[in-house]
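Here is how the chains run, residue by residue.
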Amino acid sequence: MASSSLFPNASAAGRTTQVFCASTLYGAATLAAAIDAGLFPAVHRRLLVVCNNAGSPELTPSVDEMPGFEQLRDRFDDLVSWNETIAPFHPGSWSPRADDVPLWERHLRLAWRLGDDDVRLVVESIQVNPALAIAQIFTGAPIEVYADGLMSYGPTRSKIEPLVGERVRRLLHLDLVPGLKPLLLTEFGVGPELVPTDAFLRVLDELTDAERNFDTPSEPPALLLGQYLSALGILSEREEEELHIRMVRGAVAKGHTQVVFKPHPTAPAAWSRQLEQEAKKLGADLTILDSPVLAEVLYRRLKPALVVGCFSTALFTASAFYGIPVAHTGTELLLERLAPYQNSNRVPVTIVDALLPSLDDGDSVTHRPDPLIAELVATVGYAMQHQIYPGLRPTAEKYLSEHLDTHTWRYFKRRRLTALALPGAVPAQLARIPRNATARRMVRRARKLRRAVLR
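These figures come from a predicted structure and were not determined experimentally.

**Student:** Could you clarify how one ought to interpret the overall build of the protein chain in this entry?
**Tutor:** When helices and strands are counted, the protein chain shows 16 helices and twelve strands. Taken over 455 residues, the protein chain has a buried fraction of 52%. Put simply, 71% of the contacts in the protein chain that link residues at least 6 apart link residues at least 24 apart. Surface summary for the protein chain: the accessible area is close to 21,400 Å², and the carbon and sulfur share equals 51%.

**Student:** Would you mind showing me how to read the sheet that holds strand 4 (residues 118-123) here?
**Tutor:** Two strands in a sheet stick together by hydrogen bonds in their backbones, pointing the same way (parallel) or opposite ways (antiparallel). Ordered by their spatial adjacency, seven strands build an open sheet running 3-2-1-4-5-6-7, and the pairing between neighbours is parallel. Looking along the sheet, the strands with just one partner apiece sit at the ends: strand 3 (78-81) and strand 7 (191-194). The mean inter-strand angle of the sheet, taken between neighbouring strand axes irrespective of direction, is 25°. In this sheet, strand 7 lies alongside strand 6 (residues 168-173) in parallel orientation, the contact comprising four bridges. Bridge assignment links Arg170 to a residue of strand 7, and that residue is Gly191. Strand contacts of helix 1 (residues 25-36): strand 1 (16-22), strand 2 (45-50), strand 4, strand 5 (143-146) and strand 6, with the helix running at about 145° to strand 1, the strand carrying the most contacts.

**Student:** Looking at this model, I keep getting lost on helix 3 (residues 101-111). Mind explaining?
**Tutor:** Quick reminder: α-helices carry 3.6 residues per turn. Residues three or four places apart thus point the same way. Within the span of helix 3, buried status applies to Val101, Trp104, Glu105, Leu108 and Arg109. Down the axis of helix 3, the buried side of the element spans an arc of 135°, and every buried residue falls inside it. Turned more than 90 degrees from where helix 3 packs its buried face, Leu103, Arg106 and Leu110 sit exposed. The inward-facing, buried residues of helix 3 abut helix 2 (82-86), strand 4 and helix 4 (131-137). Looking one or two places after helix 3, you find Arg113, whose phi comes out positive at around 55°.

**Student:** What exactly am I supposed to notice about the packing of helix 12 (residues 346-355) against helix 13 (residues 373-384) here?
**Tutor:** When two helices pack together, you describe them by how their axes are tilted relative to each other and by the distance separating the axes. Helix 13 packs onto helix 12 with a crossing angle of 155° between their chain directions and a minimal axis gap of 10 Å. One way to sum up the angle between helix 12 and helix 13 is to call them roughly antiparallel. By crossing handedness, the relation of helix 12 to helix 13 is classed as right-handed. Contact residues: Arg346, Val347, Thr350, Ile351, Ala354 and Leu355 in helix 12; Ile373, Leu376, Val377, Val380 and Met384 in helix 13. Among the residues making up the contact of helix 12 with helix 13, the classes are represented as nine nonpolar, one polar and one charged.

**Student:** Would you mind going over the sheet that holds strand 8 (residues 222-225) with me for this structure?
**Tutor:** The strand order 10-9-8-11-12 describes an open sheet built from five strands, whose pairing is parallel. The open sheet is flanked by strand 10 (285-288) and strand 12 (326-328), the only strands paired with a single partner. Within the sheet, the average angular offset between the axes of one strand and its neighbour, ignoring direction, is 20°. For strand 9 (residues 258-262) and strand 10, the ladder comprises four bridges, and the chain directions are parallel.

**Student:** Even after reading the chapter, I still don't get the pairing of strand 9, so can you show me in this structure?
**Tutor:** Regular strands place side chains that alternate from one sheet face to the opposite one. Counting buried residues in strand 9 gives five out of five residues, a clear majority hidden from the surface. Neither face of strand 9 is exposed, since Gln258, Val260 and Lys262 on one face and Val259 and Phe261 on the opposite face are all buried. Looking at chain direction, strand 8 and strand 9 are connected through four bridges and run parallel. Each residue of the ladder has a partner; that of Ala222, found in strand 9, is Val259. Between the parallel pair strand 8 and strand 9, the chain is carried across by helix 7 (residues 237-253), and the sense of this crossover is right-handed.

**Student:** Sorry if this is basic, but what is going on with the packing of helix 1 against helix 6 (residues 197-210) here?
**Tutor:** Running from amino to carboxyl end, helix 1 crosses helix 6 at an angle of 125°, the nearest separation of the two axes being 8 Å. Accordingly, the angle class assigned to the pair helix 1 and helix 6 is oblique. Considering only the axes of helix 1 and helix 6, their crossing is right-handed. Taking contact as the criterion, the partners of Tyr26, Ala29, Thr30, Ala32, Ala33 and Asp36 in helix 1 are, on helix 6, Ala199, Phe200, Val203 and Leu207. Here the contact of helix 1 with helix 6 is built from residues that sort into eight nonpolar, one polar and one charged.

Rules used in this analysis
- Residues numbered from 1 in each chain as written.
- Predicted model: local features only at pLDDT ≥ 70, side-chain atom pairs only at ≥ 80, totals over all residues.
- Heavy atoms only, no water.
- Helix = DSSP H or I, 4+ residues; strand = E, 2+ residues; numbered from the N terminus.
- Buried < 20%, exposed > 50% of the residue type's maximum accessible area, 1.4 Å probe, protein only.
- Contact = heavy atoms within 4.5 Å.
- Areas by Shrake-Rupley, 256 points an atom, 1.4 Å probe, with all protein chains shown as cover.
- Pairing = 2+ DSSP bridges.
- Axes fitted to C-alpha atoms, helices over the stretch in contact; angles between N-to-C directions.
- Arc of directions from axis to C-beta.
- Parallel < 35°, antiparallel > 145°, perpendicular 65-115°, else oblique.
- Left-handed = near helix turned anticlockwise from the far one by under 90°.
- Nonpolar A, V, L, I, M, F, W, Y, C, P; charged D, E, K, R; others polar.
- Right-handed = clockwise from strand over helix to strand, strands pointing away.

Below you can see the structure in the form of structure tokens.
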């Protein structure tokens, strides 16, 4: 139901408009579920701002052009495009100059017909543009942040200015990892609030009913999820292509002869041809989906017997929300390759590696509960952003002292632990040296001398 009908006789004075920002269909579905669940109060107007953050927005469909979006549209009174508003600038890199903020707010209020309404912002990824740019323009507006993936369990990727961070009221997120609380924005005392799973599943049902443009295999297939990691500079194109080929081989090795590959929308077409050749060689039927549908829609339509991916959030929606067996591959390589250590993908990769089975784990395709997952995530989060979360140091020291072994070492770098003077920084036989007062004085003197020489 559109919210404007809630106040048919309201005057312009005292009006409130909620401005929702979405760059993915998954995010828009999360917002729709939160609205349906009553997590946002009734207001005079709800405005959805769609953002296309693709490297080449002209070649990639925007949120409102995705299959099924029309099923979500009626939750909002109006829709505008951020890309069109700031054209010709790219939404991922543009932000207003400080002196121009008043001009931009005046422009947006005119272009979006906000008038003198009180504005409430609901954005994703507050630490980067376009969410950060919009928050900076509406300088006095309270902010609510919603999370559309595993990244919310990790630390805020960079320090947010207090003029923005102090305005954040809450973090809405899906219960992807039951029992684990997000670390994102806790430096500002922001508390998390769950978007009910049943509300989210009802929204996904609407999207599923709207999508009719692909065939269903004769038997439950193995569904492979591509992510296009080479675009992020994490893997080379050849390495990512080989990662997808390993997915096909692993799925066939587990007895699946029907395989469906869902490529990233911007992945090269050549990858699909290589996968087709590999599947044919292994005696499997491979279907490649070219429709930009959500993986969750495929869960309902295809009813896959197995979902395989690298560190996609969709692995957890399959496991936690639909009870579908899942497996990951490539996480150990990514944990080694992610650079710098503060890379915001580190926590999602860590969670997937720690909790979900590997495609190489024989017949194991079940969730692997880890009672220490909260401590592991807090320790990785502290190592990533120790300046933002100094209060996590005791947790990090305890975890590393008691649980650093041949398996958990993959989540850390010795150089990073050394820089933060954390357990594991030096071999055990030398661990007593930093505790020696004389050695500490010598180190401090050496550092002072080095700084003096560098001047």
